[in-house]
Structure formats: structure tokens, C-alpha cells
Amino acid sequence: MKPTAPADRHDFFAFLARMQYINRWGLMRNTQPENIKEHSLDVAMLAHALVVIRNTFYGGTLDPNQAAMYGIFHDASEIFTGDMPTPVKHFNPRFKKSFHQLEDRARRKLLAMLPPELSQVYEPLFFFEEQDEQYKPVIKAADKIAALIKCLEEEKSGNLEFKRAGQEHLESLRKSPLPEVIYFLDHFLPGYRLSLDELYLG
């Protein structure tokens with residue numbers, strides 16, 4: 001029988017905590033498993049960095065803290081859907097559309113676990129693509145950079161399973177129209193290829 005929560009109990013944050021049990025890269029051999037909780041922190045930090053770079057060097061006016069919050073919650077729906085491998089997700093346009101609809105339902109399910117007063121606060125974080133479109137390409141770029149970094153880390157461990165994926169992510173990012181992305185690739189990405197002893201500590 002399905003459990004029924006008391007009126008004064010809300011399981012929203014307990015469900016979010018379970019992001020740590022949803023692993024990414026399900027079709028590929030990993031030397032170090034990565035879950036969506038870890039990935040979401042990476043995306044949040046990268047999104048924050050991209051906006052700071054844009055604002056500092058390219059006249060941007062976005063809020064880096066807002067970008068970080070969108071990064072934290074960008075994959076929350078995967079608590080219900082799991083991490084769908086990209087080749088499967090893009091199998092055909094109809095399936096891709098259906099999967100996006102499923103993701104929206106999953107987000108709504110999570111929001112329903114909150115008191116209404118709090119749900120209206122979190123809803124913009126879950127559906128930022130619809131309400132704050134100017135952040136969408138930044139979060140997408142941060143997500144792709146995080147994936148590229150994962151590929152580089154696996155390659156450094158001698159796992160060639162991620163070599164082609166890393167090349168494809170890098171080629172895609174190099175074509176980005178966002179100057180902050182190119183800046184990050186030129187100035188910050190090289191450090192990820194180094195060992196701890198090779199990193200410059202300032």
C-alpha cells in the first residue's frame with residue numbers, strides 16, 4: 001500500500017537528498033562513478049563562473065548567484081526519471097519530446113511535496129528555462145563543460161571509454177557563441193589535465 005504522509009510532513013528535501021543515488025553515464029564504464037548530486041554542484045559552480053566571466057570581461061549583467069541556483073536544480077527531475085543516456089534521449093524527436101514532458105511531470109511531482117507557500121518559491125528554479133530564458137544557454141554550457149571535465153578525468157585515469165565523448169564535447173563547446181565559454185576553455189580547462197603536483201598554487 002502506498003504510504004500517506006501526515007498533513008504536516010513534507011518529503012521534498014528527503015527526495016532531493018536521494019540525488020546521490022542516481023548515477024550518470026549509465027552506458028559507459030567508469031573508473032569513478034558520478035551521481036547527479038555531485039554533477040549538480042559542478043554545474044552550479046561552473047554556471048556561476050561563466051556569469052562572473054561574462055560580467056567582468058564582456059559587459060554582462062546576469063546574476064551569478066541566480067545562475068548557480070539554476071545549476072543546483074537543473075537535473076532534479078532525474079530523481080524520478082534517472083539519468084537517460086544521450087543516445088537514447090535523442091533516439092527520435094517524438095521520444096525526446098515525450099521525455100521532456102516526463103521531466104516536467106517529475107518536477108511538478110517534487111514541487112507538490114512542498115507547502116504551497118514554498119512551492120511558488122521553488123517553481124522558478126525548477127522551470128527557469130520558461131521564466132528566465134537568458135540563463136538557459138549558460139546552464140546548458142555549464143552542463144556540457146561539467147561533462148567534458150568528467151571525460152578528461154576518466155582519460156587521466158587511463159579509461160579510453162570517454163575519449164570520443166570528450167572530443168565531441170570540446171568541439172561543441174569551441175563553437176559556442178558565448179565568449180565566456182571560450183574564455184573558460186582557454187584559461188581554466190588546461191588545469192584539469194594536470195596532476196595535483198603540476199597545479200600552480202599561486
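Structural data are supplied above this passage.
Keep in mind that this is a model prediction, so the values were computed, not measured. (Residues numbered from 1 in each chain as written. Predicted model: local features only at pLDDT ≥ 70, side-chain atom pairs only at ≥ 80, totals over all residues. Heavy atoms only, no water.)

Chemist: Please explain a nonpolar patch on the surface as it appears in this structure.
Modeler: A contiguous nonpolar patch, built from Leu-194, Leu-196, Leu-199 and Leu-201 and spanning about 430 Å² of accessible area, is present on the exposed surface. Tracing the sequence through the fold places Leu-201 in the segment after helix H11 (179-187). (Patch = residues over 30% accessible without salt bridge, like charges linked within 9 Å, V, L, I, M, F, W, Y side chains within 5 Å. Areas by Shrake-Rupley, 256 points an atom, 1.4 Å probe, with all protein chains shown as cover. Salt bridge = Lys/Arg side-chain N within 4 Å of Asp/Glu carboxyl O. Helix = DSSP H or I, 4+ residues; strand = E, 2+ residues; numbered from the N terminus.)

Chemist: Sorry if this is basic, but what is going on with the nonpolar core here?
Modeler: Within soluble globular proteins, side chains that are nonpolar tend to cluster in buried spots. Of all hydrophobic cores here, the largest spans 43 residues; its most connected members are Phe-12, Leu-50 and Phe-126. Secondary-structure elements contributing two or more residues to this core are helix H1 (12-16), helix H2 (36-57), helix H3 (64-73), helix H6 (93-111), helix H7 (116-126), helix H9 (136-156) and H11. In contact with Phe-12, other than residues within four places in its own chain, are Leu-110, Met-113, Leu-114, Tyr-122 and Phe-126. Within the second largest apolar cluster, five residues are counted, among which are Ala-147, Cys-151, Phe-162 and Ala-165. (Core = buried A, V, L, I, M, F, W, Y, C linked by side-chain atoms within 4.5 Å. Buried < 20%, exposed > 50% of the residue type's maximum accessible area, 1.4 Å probe, protein only. Contact = heavy atoms within 4.5 Å.)

Chemist: Before we go on, may I ask you to explain the pattern of salt bridges in this structure?
Modeler: In a structure, side chains of opposite charge can pair up when their charged atoms sit close to one another. One pass over the full model with this rule turns up nine salt bridges. The partner of Arg-174 in a salt bridge is Asp-186, and the shortest N-O contact between them spans 2.8 Å. Here the residue Arg-174 occupies a position in helix H10 (residues 163-174), and Asp-186 occupies one in helix H11, the gap between them amounting to twelve residues. Residue Asp-186 is classed as partly exposed on the basis of its relative accessible area, which comes to 42%.

Chemist: How do you make sense of the packing of aromatic side chains when you look at a structure like this?
Modeler: In this description, a pair of aromatic rings is defined by centroid distance and the angle of the planes. One pass over the full model with this rule turns up 14 aromatic pairs. Between Phe-12 and Phe-126 the ring centres are 5.9 Å apart and the planes differ by 35 degrees, which places this aromatic pair in the tilted class. Remark: Phe-126 occurs in helix H7 and Phe-12 occurs in helix H1; sequence separation between them is 114 residues. Ring geometry for Tyr-70 against Phe-128: centres 4.8 Å apart, planes inclined by 15 degrees, an arrangement best described as stacked. Pair noted here: Tyr-70 is in helix H3 and Phe-128 is in helix H8 (residues 128-131), with a separation of 58 residues, a long-range link. Counting every residue linked through ring pairs, the aromatic cluster contains Phe-12, Phe-13, Phe-73, Tyr-122 and Phe-126. Arg-107 extends its terminal NZ or CZ atom over the ring of Phe-127, reaching a point 5.6 Å from the ring centre. When the ring centre of Phe-127 is taken as reference, the NZ or CZ atom of Arg-108 above it lies at 4.2 Å. (Phe/Tyr/Trp six-rings, centres within 6.5 Å; stacked < 30°, edge-to-face > 60°. Lys NZ or Arg CZ within 6 Å of the ring centre and 35° of its normal.)

Chemist: Mind showing me how you'd approach unusual backbone geometry here?
Modeler: Leave glycine aside and you will find that most residues have negative phi; peptide bonds, for their part, are mostly trans. Not every positive phi belongs to a glycine, and Trp-25 is a case in point at roughly 60 degrees. Looking at the element boundaries, Trp-25 is found in the loop between H1 and H2.

Any functional reading would require information that these geometric values do not contain.
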